[in-house]
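Structural overview for review
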Amino acid sequence: MESLRKDTKGQWIALSGLVLSLIIIGLAALANQAAMAGYHSSNAALEFPKENIRELNLHTRDNAKIIKDLSFEINKTSNESIPDIYTQLFKNYSSQIEKLHAIHGETVDVSLVSINSTNGTYGINDIDIIFVNITYNDGRTHYESKPEVIEVGA
Amino acid sequence: MNDKAQLHTLEGLAAAVLMTMTVLMITNSTMMVTPQNEMAIDVQLKQMASDALTVIDIVPKSSAQSNNAPILHNLTACVASWDVTEEATYPVNTLDNLEDGLSYLLPNVLYNVDLAYVENGNITQKKVIIKGSPGKSAVVARHFVTLTNQTVSDMNGTWNLDDDELRVVEVRLTAWKV
Amino acid sequence: MIDEKGQIAVDFLLGISLFLIALIFIVQFIPSLFLSGSAGESSLDYTAYRTAAILAEDTGWWGNSTSSGTAWEAHPDNVMRIGLAVDHEPESKLTNTPNLLSKDKIERFMMLNESDIIEKLGLYNNVDGAHFSYGYNISILQISQNNTPLILNNTPITLGEATPHDRETSKITRIVLVETGTIAYFDAEELPIDPNPPVKKSKTILNVTGPLSDDVKLYIDNFDITGTDPSFNKLVLDGTNLSENIDYTTYKIVNGTVLPLNSTGNFDNNSTVVFSLKSGLFNNFHTYQLEIEFKDVQFTNTASPFMDYTQELEVLCEPAYLTVEVWN
């Protein structure tokens, strides 16, 4: 063993073998990143709830018109004012849509801000614009539209 | 002849063994061979399912449709015409006009359709079209429709809504490739 | 260990040759590992998905220094973004109906030149500022007959080259509803008797307000049949007889099937009779009077007010597949 201890040459063969192995591991990790990048990008396309947000938005817009027509119908046989009926119907719609989203793990808040008419009265052709606040959160994506301006005039 | 023992052979052997083991270890770990194309198929199917519901939702209610294709019924009209007392059991489906539209737009795809709505503060889910048990990479698309008593009675459905009631129904399409 | 004799120690030789064999083997082996994990291919997928999403869901945008809007088909020189979705409320500058494609936009899209399409849709690879454009094929296909493009205005809707079979391509399909034209439905019970002499109960009259650039399509059903040979006689536009197959074509639809019908052709009370009048007939700013004469059919409504074709117009929709395919 004496000669072994005095051998100060440095076992370059074993050393170069070690260095090459380390280089191979480094390259493999790099190639792995590229593979993971591809996975994450397609996953992003799957994860982003584009259709859900669009459906929530469009459906609320359509409903603002449907609720306006329904409030006029109800107002013919009831003595509440049209804005009150509208607010109640909208609350009913809000609670249904929030529950239907909650069963999928999405928090949605749709709330009426104001009912506007250009000439101040709330007759059949006067209600023009409804302001609504829409919020959507599914844990990864947060969407807000405050206010969403919906034109319901004829 | 040198009679001093040298380590060169063993060094060379050790270096060779080390490099070979590294490469073997790397190829055996599954990280580098993730198939990328699997993700692309999911995105395509999810988009198709969502598109099918979107197209059925925006079809105009009047019958202005081309003669080259079967008539697609608007989604609100389909849901309004549903008979609330009938729930689908395999293989009988209960919403034929929606079934016709979907099978035309999504050939080679199997799907289930459920309806969910809030009644008296509770959520009810009913199956309307069943074509089997969803496969491993099934995707889900959702659309909402609003029903009033007027729309329901126009389509002869049996939803039994009050005159001042608004019901929001979620149409859930689960699709998978066989 | 240094031997002055100038010979290599045998075990050094053995060691170094073992090492070299292992090294050569590994150098051969590594590149085949990286072949399967190359990232460059995925950019094709993203490009196809993004292009299909923009074409199907976005209305497009045009803009210059004074104004901007979504009707880029009317301002082709100032196009900033190309999209085919229809926008029924231009003042709101967004669309409530994604996946519904407008006929005007599709026709304008077919007339764009190739460099505009590649630049505006981003169908290129950006390498240090140089653009390497992708090969592409964008088509709208009919659903029932696979791989036949939809035909609008006698042109098949397909842009780009045919798909090459020798390299990797990335394709995505979207389901869309295409507005292919306009039609008007009429119920024969509402059509009035023609008051122009000679007055016959089997003649009816329609107003058509010009100018109209598309073909005029009339669908009439719910006939009141009075005799044994219900058939169609002739069409008279502002007093001039129209010739079949030159000025118009006609057919009937029975239970969803399209069947031919010429003048003197028969139909029954379950049929819908369709008249398709060529677009060049209604070019002026004028209310045309179209008289339709049948045989053994009677109309019951009295003349005024006349029904107007332009007020009964509905848009005709057809579902189709929009496919975008790109390759290097």
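Since the model is a prediction, treat every value here as computed from it, not as a measurement.

Time to look at the overall build of chain C. The secondary structure content of chain C amounts to four helices and 21 strands. Each principal axis of the C-alpha distribution contributes one length, and for chain C these read about 130 × 55 × 30 Å. For chain C, buried positions account for 46% of its 328 residues. Expressed as a percentage of contacts within chain C between residues at least 6 apart in sequence, the contacts between residues at least 24 apart total 73%. About 16,300 Å² of surface is accessible on chain C, with carbon and sulfur atoms providing 51% of the total. A distance of 3 Å separates the average location of the 19 positive side-chain charges in chain C from that of its 43 negative side-chain charges.

Residue and element names in this part refer to chain C. Spatial ordering of the open sheet is given by S2-S1-S3, a layout of three strands whose pairing is antiparallel. Edge positions in the sheet fall to strand S2 (68-69) and strand S3 (79-82), since each of these pairs with one other strand and no more. Direction of pairing for strand S1 (residues 60-63) relative to S2: antiparallel, over a ladder of two bridges. Each residue of the ladder has a partner; that of glycine 63, found in S2, is serine 68.

So, about the pattern of salt bridges. Side chains that differ in sign of charge can pair as their charged atoms come close. Tallied over the entire structure, the rule returns 21 salt bridges over all chains. In this structure, glutamate 148 of chain A engages arginine 61 of chain A in a salt bridge whose closest nitrogen and oxygen atoms are separated by 2.5 Å. Taken together, the residues span a long stretch of sequence, with glutamate 148 of chain A in strand S3 (residues 142-151) and arginine 61 of chain A in helix H3 (residues 50-76) at a distance of 87 residues. The same class applies to glutamate 148 of chain A as to arginine 61 of chain A, namely buried. Salt bridges here are not isolated pairs; linked through shared partners, they connect Lys50, Glu51 and Arg54 of chain A, Asp51 of chain B together with Glu57 and Arg174 of chain C.

Before going further, it helps to examine the interface of chain C and chain B. Contact residues are listed per partner, giving 46 residues for chain C and 40 residues for chain B. Summing both sides of the interface, chain C and chain B together bury roughly 3,700 Å²; the carbon and sulfur share of this comes to 66%. At the junction of chain C and chain B, the tally comes to one salt bridge. A salt bridge links arginine 174 of chain C to aspartate 51 of chain B, with the shortest nitrogen-to-oxygen separation between them at 2.6 Å. Inspection of the chain C/chain B interface yields six residue pairs in polar contact (both at pLDDT 80 or more). Secondary-structure elements contributing two or more residues to the side of chain C that touches chain B are helix H1 (10-35), helix H2 (42-57), strand S11 (169-187), strand S16 (248-254) and strand S21 (313-327) of chain C.

Considering every residue of chain A, the mean pLDDT works out to 82; 84% of them sit at 70 or more. Looking over chain A, one finds the lowest element-wise mean pLDDT in helix H1 (residues 2-6) of chain A, namely 59, and the highest in helix H4 (residues 82-102) of chain A, namely 91.

Our focus in this paragraph is the confidence of the model for chain C. Averaged over all residues, the pLDDT of chain C is 82; the fraction at 70 or higher stands at 93%. Across the whole predicted complex the pTM is 0.76, and at the interface the ipTM reaches 0.78.

On to the packing of H3 of chain A against H4 of chain A. Residue and element names in this part refer to chain A. It is at 9 Å that the axes of H3 and H4 come closest, and there the two elements cross at 145°. The handedness of the crossing between H3 and H4 is right-handed. Between H3 and H4, the contacting residues are Leu56, His59, Thr60, Asn63, Ala64, Ile67, Lys68, Leu70, Ser71, Phe72, Ile74 and Asn75 on the first element and Ile82, Ile85, Tyr86, Leu89, Phe90, Tyr93, Ile97 and His101 on the second. Along the lines of polarity and charge, the residues of the contact of H3 with H4 split into 13 nonpolar, six polar and one charged.

Another point: the nonpolar core. In summary, soluble globular proteins display a tendency toward joint burial of nonpolar side chains. Residues and elements named next belong to chain B. With 48 residues, the main nonpolar core has Leu102, Val113 and Trp159 as its most contacted residues. Top element by residues in this core is helix H2 (residues 37-58). It accounts for eight residues. With near-sequence residues (within four places) excluded, tryptophan 159 lies in contact with Val79, Ala80, Trp82, Val84, Leu115, Tyr117, Leu147, Val152, Arg167 and Val169.

This part covers the packing of aromatic side chains. Residues and elements named next belong to chain C. Summed over the entire model, instances satisfying the criterion amount to 14 aromatic pairs over all chains. Pairing phenylalanine 267 with phenylalanine 294 gives two aromatic rings, centres 5.9 Å apart and planes at 80°, and the pair type is edge-to-face. Of this pair, phenylalanine 267 sits in the loop between strand S17 (257-260) and strand S18 (271-277) while phenylalanine 294 sits in strand S19 (residues 287-295), and the two are 27 residues apart along the sequence. Each member of the pair, phenylalanine 267 together with phenylalanine 294, is buried. Taking the centre distance of 5.2 Å and the plane angle of 85° together, the rings of phenylalanine 282 and tyrosine 288 count as edge-to-face. Assigned by exposure class, phenylalanine 282 and tyrosine 288 land together as buried.

Here the focus is the environment of serine 81 of chain B. All names here are of chain B. Inspection of the secondary structure puts serine 81 in the loop between helix H3 (75-80) and helix H4 (96-105). Not counting the four nearest positions on each side in its chain, serine 81 is found in contact with Asn97, Met155, Asn156 and Gly157. Among the polar contacts made by the side chain of serine 81, one reaches the main-chain carbonyl oxygen of cysteine 78 at a distance of 2.8 Å.

Residues and elements named next belong to chain A. Strand order in the open sheet formed by three strands is S1-S2-S3, and the pairing between neighbours is antiparallel. A single partner strand is all that each edge strand has here, and the edge strands are strand S1 (107-117) and S3. Neighbour to neighbour, the strand axes of the sheet diverge by 10° on average, direction disregarded. Examined bridge by bridge, strand S2 (residues 127-137) and S3 share eight bridges and lie antiparallel to one another. Bridging across to S3, threonine 135 finds its partner in glutamate 144. Contacts from H4 reach S1 and S2 within the one sheet, and its direction differs from that of S1 by about 165°.

Rules and cut-offs
Residues numbered from 1 in each chain as written. Chains lettered and ligands numbered in written order. Predicted model: local features only at pLDDT ≥ 70, side-chain atom pairs only at ≥ 80, totals over all residues. Heavy atoms only, no water. Helix = DSSP H or I, 4+ residues; strand = E, 2+ residues; numbered from the N terminus. Buried < 20%, exposed > 50% of the residue type's maximum accessible area, 1.4 Å probe, protein only. Contact = heavy atoms within 4.5 Å. Areas by Shrake-Rupley, 256 points an atom, 1.4 Å probe, with all protein chains shown as cover. Lys, Arg positive; Asp, Glu negative; His and termini not counted. Charge placed at Lys NZ, Arg CZ, Asp CG, Glu CD. Pairing = 2+ DSSP bridges. Salt bridge = Lys/Arg side-chain N within 4 Å of Asp/Glu carboxyl O. Buried area = accessible area lost by both parts, 1.4 Å probe. Polar contact = N/O pair within 3.5 Å; in protein donor to acceptor, adjacent residues only side chain to side chain. pLDDT = per-residue confidence, 0-100. Axes fitted to C-alpha atoms, helices over the stretch in contact; angles between N-to-C directions. Left-handed = near helix turned anticlockwise from the far one by under 90°. Nonpolar A, V, L, I, M, F, W, Y, C, P; charged D, E, K, R; others polar. Core = buried A, V, L, I, M, F, W, Y, C linked by side-chain atoms within 4.5 Å. Phe/Tyr/Trp six-rings, centres within 6.5 Å; stacked < 30°, edge-to-face > 60°.

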